[in-house]
Amino acid sequence: RNGPSSPKKVKLNDSESKPSLANGNKFKISIQEQRTKLPVYDKKNKLLDLIKRHNTLIILGETGSGKTTQIPQYINSARLQNNGKIAITQPRRVAAVSIATRVAQEFGNGQTVGDTVGYTVRFEDVTSKRTKIKYLTDGMLLREAMFDNLLMEYTVIILDEAHERTINTDVLFGIVKNAQKVRESRNLEPLKIIIMSATMDVDHFSKYFNNCQAVYLEGRTYPVNVFYTVKPHDDYQTASVATFFKIHREAPANHDVLIFLTGQEEIEAVAHQIRVLSKDPEVEGPPVRVCTLYAAQPSSQQMTVFNPSPQNLRKVIISTNIAETSVTITGIKYIIDSGMVKARTYHPATGLELLKVQRISQEQAWQRTGRAGRDSEGTCYRLYTRSQFEMMQKSTIPEIQRANLTSVALQLLALDIHALYFDFMDKPPEDAITTAFEQLKLLGAIDNVESSSLTSLGEQMVKFPLDPRFSKILLSASNFGCLVEVLTIVSLLSVESILLSPPNKREQVQMIRQKFFSAYGDHITLLNIYREFSNVGQNCRSWCHEHYINMRNILQAREVRSQLEEICTRAGLTLSSCGSQMEQVRRCLLTGLFMNVAELHRDRQYITLDKRQVVSIHPSSVLHGQQPHFVLFTEVVQTTKRYLRLLSTVEGEWLQEAAPDYFRTHSIKCARES
Ligand code: ADP
Ligand code: MG
């Protein structure tokens, strides 16, 4: 058989690659060698044969076995896609970008991402006419389905990371299944569907996909020792730093560590602590390279986590659950698992959508553990007790059963499908669907809740890759003469926070940003920041530094803004500015966020008008410590309390005007009292 480092293979590539940089060649050879060492490599022909013979196929295999990076290339080299393209969906944009970049490198021949291999994620399309293999987020493929529900651009669609069961993937299951059937019945170019995952309930999936075949790729894994804490930790962030240094003192330098935390802020905080402490002369151990991995990073920086580290250096990667199954980093010997993940949950009963740090499932815990056993035996420190582990849910509940379905319902309507009658693998609760339709009606996207067709406003809303509430705000903005301002605000809300808040510099930050603060709240404050930012021009870097603004996030917001502006222009909206008339902006925000209003009560508590929940203003808000009568909020986060984030003050009289139907049924306390 062809040995993994067969010299023939090396030769072949050697002569193929351009005789330019000697180093470049060496790199290419080793990258090709790496490919032949992956567990899928030996199964190539068997896989291709199965893919050829079956219209739908499930492929299961350990994380890191080469499914995502290799299988599309195998299909392409055998031209199984004919004249169509191969789509591979990823639940996360980070994964789509970093994997596409890697695969483009593997292609060699001076190809860059965007040539044969490309990616499409929200607000970023790096593909060309030559692209054959396209990595995209599940959300983007869903958007494409809205323009062509048969997805004729593709002849092979790979739904990857199927076990994650994101809403978008779940909806895509039904869409591609239908597209395949319709294409067959109309004698159109057939569509192949491949479902891939590291772990999943094969029977459940196979049954849904017309009892399709499943194949299991055996991976190589080594045992991992698992340690629990004896007592529960109430601060996993500190515990993760302490655990890291315990490992750091004892383990050889080339034993790398992977820490699972929940989000950017937390990850940056821990990264900072480790960087500082590891330089302390009192601390024993080799030099440390700290890498971070989370959604809001620029892709160039994400790629650095894959660079092998020198022997005398310890690499520590601090990641969200991206590193759980979607990307693989080699050389990891130790895992530190916080046991937590940040996830969006929606409670139909309370009407609140919460971004909440919550416990992972046992299945996730095992996936995280497995990351340490890829190359050799490893160790996993769980920052929770064994009984906490036993209390975790066995597997993750599909997002569709715990999220707000307004967006999905709207997208399905754009495909002329009423969500109640959609072929879901697991049906969402009926009251969640009903609520979604009620919201769409309130937003004016449909005329009545039974309707399967959109109003013209609804059709306009679908054009934006945004939550329907924000599309509505943009579409109302022309009427308020403030589209320029609202575009900025919506863009800033669509990226990770632009505000840096180093814990030890609170006062300085407060002082330097003072000039931006608006008594009208956070939205206007953000607008003020952006206005000044767009005037600084060349000195943008130092300006961001000076004002504690996250430069990459604000640059991304600018990019998002220009794309949204383009959609607005195409939709025929007038790009009007309201100058300093901030009332217009706040009235406009209400047209989409009228369900997100809270009112101050006598005991200084805020209560939401929608479902009468007790909430508080988040300390990060410029309105914290003040007590405006009515506040409009963008989101709710739950920590020790339910906090409202990103607020604007609004006037009671505006409410009726913004959503007359809605406020007929949601009484306002002050209106009754006065
Ligand atoms: P799977 O989908 O089965 O989990 P992948 O195809 O994602 O496996 O990964 C196969 C191998 O490719 C991994 O072991 C990893 O070492 C390598 N790899 C993936 N992405 C990158 C990257 N961006 N940089 C370097 N190596 C990568
Ligand atoms: Mg994968």
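Within each chain, residue numbers correspond to sequence positions counted from 1 in written order. Chains and ligands are labelled by the order in which they are written, letters from A for the one and numbers from 1 for the other. A pLDDT threshold of at least 70 governs which residues receive local features in this predicted model, and a stricter bar of 80 or more applies before side-chain atom pairs are shown or counted, although totals over entire chains, interfaces and linings include all residues.

Chemist: Tell me about the site of ligand 1, and name the residues and values.
Modeler: The criterion for a residue being near a molecule or strand is simple: its C-beta atom, placed using the backbone, must lie within 6 Å of it. Taken together, 18 residues surround ligand 1, and among them Lys67, Thr68, Thr69, Arg102 and Phe306 come closest. Where the shell around ligand 1 is concerned, the elements lending two or more residues are α4 (67–77) and α5 (93–107). A per-class count over the shell around ligand 1 returns five nonpolar, eleven polar and two charged. Only DSSP runs of H or I with at least four residues qualify as helices, and only runs of E with at least two residues qualify as strands; both kinds are numbered from the N terminus onward. Put simply, Ala, Val, Leu, Ile, Met, Phe, Trp, Tyr, Cys and Pro go in the nonpolar bin, Asp, Glu, Lys and Arg in the charged bin, and everything else, Gly too, in the polar bin.

Chemist: Just give me the short version of the sheet that holds strand β13 (residues 332–337), but keep the residues and values in it.
Modeler: One bridge is not enough; two strands pair if DSSP finds at least two bridges between them. Taken in spatial order, the six strands make up an open sheet running β9-β16-β13-β10-β12-β11, and their pairing is parallel. Every interior strand has two partners, whereas the edge strands, β9 (224–227) and β11 (288–293), have only one. Ignoring strand direction, the axes of neighbouring strands in this sheet form an average angle of 15°. What counts as a contact is two residues whose backbone-derived C-beta atoms lie within 7 Å of each other. Angles run from 0 to 180 degrees between N-to-C directions of axes, and those axes are lines fitted to C-alpha atoms, restricted for helices to the stretch in contact. Docked against the sheet, helix α10 (residues 264–279) engages β10 (256–260), β11 and β12 (314–319), running at close to 175° with respect to β11. Packed on one face of the sheet, helix α13 (residues 362–370) meets β9, β10, β13 and β16 (378–382) and runs near 150° to β13.

Chemist: Quick one: what's the story with the pairing of strand β5 (residues 133–137), residue by residue and with numbers?
Modeler: With respect to burial, β5 is a largely interior element, five of its five residues being buried. By the bridge criterion, five bridges tie strand β2 (residues 85–90) to β5 in an arrangement that is parallel. In the sheet register, isoleucine 88 faces β5, and the bridge partner there is tyrosine 135. In terms of strand pairing, strand β3 (residues 117–121) meets β5 through four bridges, oriented parallel. Looking at β5, one finds that glycine 118 is bridged to lysine 134. Three classes are used. A residue is buried when 20 or more other C-beta atoms lie within 10 Å of its own, exposed when 12 or fewer do, and partly exposed in between, with C-beta atoms placed from the backbone.

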